[in-house]
Amino acid sequence: MLARLLEEITPVVQPLPPDAALADVRGALRYFGRDAARLARLVRVRALALHGTDCVIGVAANPLLARMAAEARGGPGVAEVPDEPAAVAAFLTDRPAAALTGLEAHAVRALCFYGLDTVGRIAAAPPATLQRVLGASAARRARALAHGVDPTPVTPGAPPRSLTAEHRFGHDELDAAMRRRALLTLADELGYRLRGAGQTARALTLTVRYADRSATTRSRRLPEPTAHTPALTGTAYALHDALGLQRARVRAVALRAGELTDAARATRQLSLDPGDERRRRAEVAADRARRRFGPGAVGPAGNLDAA
């Protein structure tokens with residue numbers, strides 16, 4: 001739905017399933033006689049008027065900043081990062097390192113280990129320091145992203161580089177068991193979508209949003225590329241438990257599967273556990289049922305939708 005609305009503005013639209021998209025509107029500015037922020041408000045009004053659905057839209061000079069602006073918004077509306085060096089630096093300085101979606105999970109972990117856990121600290125670090133931590137190529141990439149430079153084009157029809165699923169609680173959630181059920185639901189959704197797209201994930205990122213609009217983001221590299229729901233769920237649980245949240249008022253949790261690769265090229269360690277093979281066969285059967293009867297036809301017993 002969002003992609004179709006954007007295609008009425010510009011043909012350069014890259015869907016990011018299930019509910020996001022990138023759009024390059026530079027060619028539409030003169031035609032509509034509006035700047036990018038006003039075009040974003042037009043899309044939001046049309047979404048409300050035609051479909052009764054609100055949305056959040058990030059407006060910036062490149063995909064990295066636009067996505068970060070939308071994520072930082074925390075709710076429906078238009079979030080704009082002005083195309084000015086001072087404004088970009090001010091926006092980025094306190095963002096967590098994991099918010100730089102162009103960095104792989106192991107690079108984020110390495111940076112955080114050396115205290116470079118915010119975008120501002122990465123941007124301020126000497127190039128030689130980044131090179132010692134990450135290596136030459138990844139260091140150049142990290143430094144560019146930390147300064148808000150992202151040359152990645154918007155490519156219509158391109159496969160997504162990551163998949164995200166988010167659950168917003170109806171109230172500030174204090175119960176860790178309910179948060180784990182939400183993570184199970186999200187991991188199950190991501191696994192189903194990955195298998196349907198013939199892809200596997202090499203990294204998983206957890207974002208926890210709190211009632212005060214702050215957020216914590218943690219990433220972990222998976223032992224092997226996978227789209228297996230139990231593997232994704234176990235990693236999500238480990239990320240959540242490592243935060244040690246106590247009496248935290250959690251507003252939402254999100255999982256992002258990153259470093260996607262073609263499942264046909266992924267290698268899998270053979271298991272001698274017959275239970276693992278049974279779970280994988282059951283997963284294949286459940287996927288067939290979902291495709292035939294809908295996504296809610298089959299799911300884990302602890303899934304929130306099963307409540």
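Below: a short report on this structure. (Residues numbered from 1 in each chain as written. Predicted model: local features only at pLDDT ≥ 70, side-chain atom pairs only at ≥ 80, totals over all residues. Heavy atoms only, no water.)

**Observations regarding the overall build of the protein**
A count of helices and strands for the protein gives twelve helices and nine strands. By the compact-globule yardstick of 19 Å for 307 residues, the protein fits well, its C-alpha radius of gyration being 20 Å. Going through the 307 residues of the protein one by one, you find that 43% of them count as buried. Here the contacts in the protein between residues at least 6 apart in sequence split such that 63% fall between residues at least 24 apart. For the protein, the computed accessible surface area is about 16300 Å², with 53% contributed by carbon and sulfur atoms. Across the protein, 44 positive and 31 negative side-chain charges occur, with their mean positions spaced 1 Å apart. (Helix = DSSP H or I, 4+ residues; strand = E, 2+ residues; numbered from the N terminus. Rg over C-alpha atoms; globule rule 2.2 N^0.38 Å. Buried < 20%, exposed > 50% of the residue type's maximum accessible area, 1.4 Å probe, protein only. Contact = heavy atoms within 4.5 Å. Areas by Shrake-Rupley, 256 points an atom, 1.4 Å probe, with all protein chains shown as cover. Lys, Arg positive; Asp, Glu negative; His and termini not counted. Charge placed at Lys NZ, Arg CZ, Asp CG, Glu CD.)

**A few points about the pattern of salt bridges**
Counted according to the given criterion, the structure contains 15 salt bridges. For Arg193, the salt bridge goes to Glu189, with nearest N and O atoms at 3.2 Å. One end of the pair, Arg193, and the other, Glu189, are both in helix 10 (residues 176-196), four residues apart, so they sit about a helical turn from each other. With relative accessibility at 15%, the residue Arg193 sits in the buried group. What makes Glu189 partly exposed here is its relative accessible area of 30%. Arg195 is the salt-bridge partner of Glu283, the closest N and O atoms lying 3.2 Å from each other. Of the two residues, Glu283 is situated in helix 12 (residues 274-293) and Arg195 in helix 10; the sequence distance between them amounts to 88 residues. Since its relative accessible area comes to 12%, Glu283 is described here as buried. Bridged by salt links that share partners, the residues Glu166, Arg168 and Arg209 form one connected network. (Salt bridge = Lys/Arg side-chain N within 4 Å of Asp/Glu carboxyl O.)

**Regarding the side chain of Glu259**
Among the structural elements, Glu259 can be located in the loop between strand 8 (250-258) and strand 9 (261-262). Among the polar contacts made by the side chain of Glu259, one reaches the side chain of Arg221 at a distance of 2.5 Å. Filtering out sequence-adjacent residues up to four positions away, Glu259 remains in contact with Glu104, Ala105, His106, Arg161, Thr200, Ala201, Arg202, Ala203 and Arg221. (Polar contact = N/O pair within 3.5 Å; in protein donor to acceptor, adjacent residues only side chain to side chain.)

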